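Each chain is listed here by its residues.
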Amino acid sequence: MAEMVKSTTSSGPRTAEANPVTRFFRATEIDTRLLGMIGALIIIWIGFHIITGGLFLTPRNLWNLSVQTTDIAIMTTGMVLIIVTRNIDLSVGSVLGLCGMIMGVTQAKILPEYIGFDSPFTWAITLLIGIAAGFLIGAFQGIIIAFLNVPSFIVTLGGLLVWRGATWLVTSGQTVAPMDQTFRIMGGGAEGSIGATWSWVVGIGACLFVIASIVGSRRQRRRFGFPRRPMWAEYFLAILSCVLILGAVSIANSYYWPINIAKKYAETNNIPWPETGLDIPYGIAVPVLIAIVVGIIMTFIATRLRFGRYVFAIGGNPEAAELAGIKTRWVTVRIFALMGVLAAIAAAISTARLNAATNSQGTLDELYTIAAAVIGGTSLAGGTGTIAGAMLGALVMQSLQSGMVLAHVDTPLQSVVVGTVLVVAVWLDTVYRARAK
């Protein structure tokens, strides 16, 4: 019997090691769930490219897709922390709408009376007021949840209705426009892009950042005696990351300004208009850069700061976290306040892109935000989730929506597809967790 046990236990590792795929994933430490999501995204892109007759995988559509994803991508980074702690926020769409309306009224009606329209300080004051409003709204909801013990589902469901009604009350349902010229840069477009040269600078800087992170991580592991990846795996991850980054920059630089905008730019800057026209690349859009920076900051908060460890500890076992001395109530308040700030940033981008603040702004964004987090691997049971996965989930959701629009799918059917995808994502998460046990 002892020989049988010894033979069984020793053959298992050898069998696993004999599998090249298993050895590859162990060496590179690539998250298989994240890889599966990337595979699903590729299938979606190729499928819609075929259905739309070659319209989906074009520089123009991919550039627009990146800009359209930013709102949800930014908010879903906060939704990850909320869901990880076994809470939910159904009010993010309404908070976005209210913050957008507050920022619109601030720069279009209030500030012009004091500092004039298109003042150099208008965008900064507007953004600070919007972020402050989002912070106060989120903190208010968090206090009710944490200290009055009202379930987050009920509080934020009420917030969904209250803040949407408040959005209408600010201007009695009227649309506020136009926005400050500098403020509009946050929305993208020809003025809200950094051009080809700076896009390459950002891309190369991002590659250097990735390489430095890999080198730093290896040094830290060696310092504390942790297992290190093989050198070939380090090189593979660095090369793959740089190829993806520079490929994305190349696509952004392949989308050029429309002829009318390019002509206007040439006339303004006294540039002779050639017979072949001017090919002025958009480059990376400013809202995309904002979303990337937010993602990096939120990843740092979730993985490097004590606050992030507290969040995951609460999600893993709230009772044990409280017994360990973690002030769970104040952590909850901070999470919801942070969610309000992120909703305000998303509101600024949305308002700038529309060049107007509308009463319907952010409608159903809570659905897409929650769906993006869940599709990205955040478990509704709490305790697990990643910022990168959630942002990729936002790209998946926006790809579905954009593809269905290009394919002329009716709006009700689009809702059916989104709802189905959300249910399937939760089911897959349940299956994954059951197998993990």
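Source: prediction; values computed, not measured.

About the cut-offs
Residues numbered from 1 in each chain as written. Predicted model: local features only at pLDDT ≥ 70, side-chain atom pairs only at ≥ 80, totals over all residues. Heavy atoms only, no water. Helix = DSSP H or I, 4+ residues; strand = E, 2+ residues; numbered from the N terminus. Rg over C-alpha atoms; globule rule 2.2 N^0.38 Å. Buried < 20%, exposed > 50% of the residue type's maximum accessible area, 1.4 Å probe, protein only. 1 Å grid on protein atoms, 1.4 Å probe; cavity = no way out; pocket = protein on both sides within 12 Å on 5 of 7 lines; lining within 4 Å. Points joined across faces, edges and corners; volume = space filled by probe spheres on them. Nonpolar A, V, L, I, M, F, W, Y, C, P; charged D, E, K, R; others polar. Domains from an automatic or database assignment. Contact = heavy atoms within 4.5 Å. Buried area = accessible area lost by both parts, 1.4 Å probe. Salt bridge = Lys/Arg side-chain N within 4 Å of Asp/Glu carboxyl O. Polar contact = N/O pair within 3.5 Å; in protein donor to acceptor, adjacent residues only side chain to side chain.

1. Regarding the overall build of the protein chain
Item 1. Along the protein chain, the regular secondary structure elements total 18 helices and zero strands.
Item 2. Taken against the 2.2 N^0.38 rule, which gives 22 Å for 437 residues, the C-alpha radius of gyration of the protein chain at 24 Å falls within 12% of a compact globule.
Item 3. Overall, the C-alpha framework of the protein chain stretches about 85 × 65 × 45 Å when taken along its three principal axes.
Item 4. Counting over 437 residues, the protein chain shows a buried share of 43%.

2. Topic: helix H16 (residues 365-375)
Item 1. Counting buried residues along H16, ten of its eleven residues qualify, which places the element largely inside the surrounding structure.
Item 2. Along H16, the residues that are buried comprise Asp365, Glu366, Tyr368, Thr369, Ile370, Ala371, Ala372, Ala373, Val374 and Ile375.
Item 3. Just downstream of H16, glycine 377 is the residue with a positive phi angle, here 105°.

3. Describing empty space enclosed by the protein
Item 1. Per the stated rule, a full pass over the model turns up one cavity of 30 Å³ or more.
Item 2. Its volume calculated, the largest cavity comes out at about 40 Å³.
Item 3. Every residue lining the largest cavity is listed: Asp89, Ser91, Val92, Val95, Ile137, Gly138, Gln141, Phe336, Met339, Gly340 and Ala343.
Item 4. At the level of elements, helix H5 (92-110), helix H7 (122-147) and helix H15 (328-354) are the ones that each hand at least two residues to the lining of the largest cavity.
Item 5. Of the residues that constitute the lining of the largest cavity, the class distribution is six nonpolar, four polar and one charged.

4. A few points about the domain arrangement of the protein chain
Item 1. Domains assigned within the protein chain are domain 1 (57-191 + 286-436) and domain 2 (193-284).
Item 2. Relative placement of domain 1 and domain 2: their C-alpha centres are 26 Å apart.
Item 3. Contacts between the two partners involve ten residues from domain 1, matched on the other side by twelve residues from domain 2.
Item 4. Roughly 1000 Å² is buried in total at the junction of domain 1 and domain 2, and carbon and sulfur atoms are behind 74% of that figure.
Item 5. Among the residues of domain 1 in contact with domain 2, Trp63, Ala190 and Leu289 are the three that bury the most area, contributing 50% of the side total.
Item 6. The tally of links between domain 1 and domain 2 comes to zero salt bridges.
Item 7. Between domain 1 and domain 2 we count three residue pairs in polar contact (both at pLDDT 80 or more) in total.

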